[in-house]
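# Structure at a glance
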Amino acid sequence: MPEDGTPRTGWVPSERQRDRDAYRRTQTRRSTAVALVSTVLVAGVAVLALVRSPGWPRVRQSFLDPEVAWAALPKVLEGLWLNVRVMAVCAVLIVVVALLLALARTLRGPAFFPLRALATGYVDVFRGLPLILVLLLVGFGLPGLRLQGVPTSAVVLGGLALVLTYSAYVAEVFRAGIESVHPSQIASARSLGLSRGQTMRHVVLPQAVRRVVPPLLNDLVALSKDSGLISILGAVDAVRAAQIQTATYANFTPYVVAGVLFVLLTIPLTRFTDALARRGGWLGSQSGLAGAGAMR
């Protein structure tokens, strides 16, 4: 208690602590200034090298025409809205299918061998096939069967190909999360009288899903970009709209517009993933999860 008799209302840092805090603030300001100056210098050198290259005037006219960009923007934005809708619907279906595949692969006992074999074969096949081949096989192969009820929409078929491919990757993420739960927790749950299904639902899955959130979000970022591949089936998404506008204006600027829009779409997702990983202490600790990230 101070000499005047009034009680302290809070912690007061010592002189040495204040000196440490002042030193840290000085170092932070210095580091920020150095980073800013170095970034400006590197960017300036890169821009100078670009604009002084012999072909820069022609490249600027063909790829960076502001009038063409402004004219093509509404159509490309309309196509991007289709990409967003496809991504949202496919993301939900992918999570459901992938979780079922992961559960099938973790079943124990000889009676479940057929399910394990089918799930393993599915994952091996669709992880091995390039996405563009799956798109072509599904987009042109299914309608070629002429079966009643088979969709012919390029958007539906493209979304189906995305679900088939990404489910294989995400299933491995879920399986890694399930197998990362220590067996002692499963044994404890069973000793308390929970069945295998109740243990999976109440003990294993909540922990597994929480642990694989960052790699799942990374796959969502990759899905947002790969949704542009449905354009090869004829769907008028952002990429296809940019292609049409490129043919209309005989200029490649619409492709740049589509690229910028995709970057603006994925950057918030990427930053959210990083922030969530740091907040949960996952950054760097989940690199061992099978299928983690968007490596293709």
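Residues numbered from 1 in each chain as written. Predicted model: local features only at pLDDT ≥ 70, side-chain atom pairs only at ≥ 80, totals over all residues. Heavy atoms only, no water.

### Observations concerning the pattern of salt bridges
We apply this condition: Here, a salt bridge means any side-chain nitrogen of Lys or Arg that lies within 4 Å of a carboxyl oxygen of Asp or Glu. To qualify as a helix, a DSSP run of H or I must reach at least 4 residues; to qualify as a strand, a run of E must reach at least 2; elements of each kind are numbered from the N terminus. Burial classification: accessible surface area is computed with a 1.4 Å probe over protein chains only, and a residue below 20% of its type maximum counts as buried, one above 50% as exposed, and the rest as partly exposed.
A complete count under the given rule lists 6 salt bridges for this structure. The salt bridge partner of aspartate 21 is arginine 24, with a shortest N-O separation of 3.2 Å. Of this pair, aspartate 21 and arginine 24 both sit in helix H1 (residues 15–51), separated by 3 residues, roughly a single helical turn. A relative accessible area of 26% places aspartate 21 in the partly exposed class. In this structure, the salt-bridge partner of arginine 105 is glutamate 172, at a minimum N-O distance of 2.6 Å. Placement of arginine 105 in helix H3 (residues 66–105) and of glutamate 172 in helix H6 (residues 154–180) is noted, with a sequence separation of 67 residues between them. Given the relative accessible area of 18%, arginine 105 is considered buried. Judged by its relative accessible area of 4%, glutamate 172 is buried.

### Some remarks on the side chain of serine 167
Worth spelling out the cut-off: The contact definition used throughout considers only heavy atoms, calling two residues in contact when any of these lie within 4.5 Å.
You can see serine 167 is positioned in helix H6. With near-sequence residues (within four places) excluded, serine 167 lies in contact with Ile94, Val97, Ala98, Leu101, Tyr122 and Leu162.

### Description of the environment of threonine 199
Within the secondary structure, threonine 199 is located in helix H8 (residues 196–211). On the basis of relative accessibility, which here comes to 2%, the residue threonine 199 falls in the buried class. When the C-alpha atoms of threonine 199 and valine 156 are compared, they prove to be 37 Å apart, with 43 residues separating the residues in sequence. Not counting the four nearest positions on each side in its chain, threonine 199 is found in contact with Ile186, Ala189, Arg190, Leu194 and Val204.

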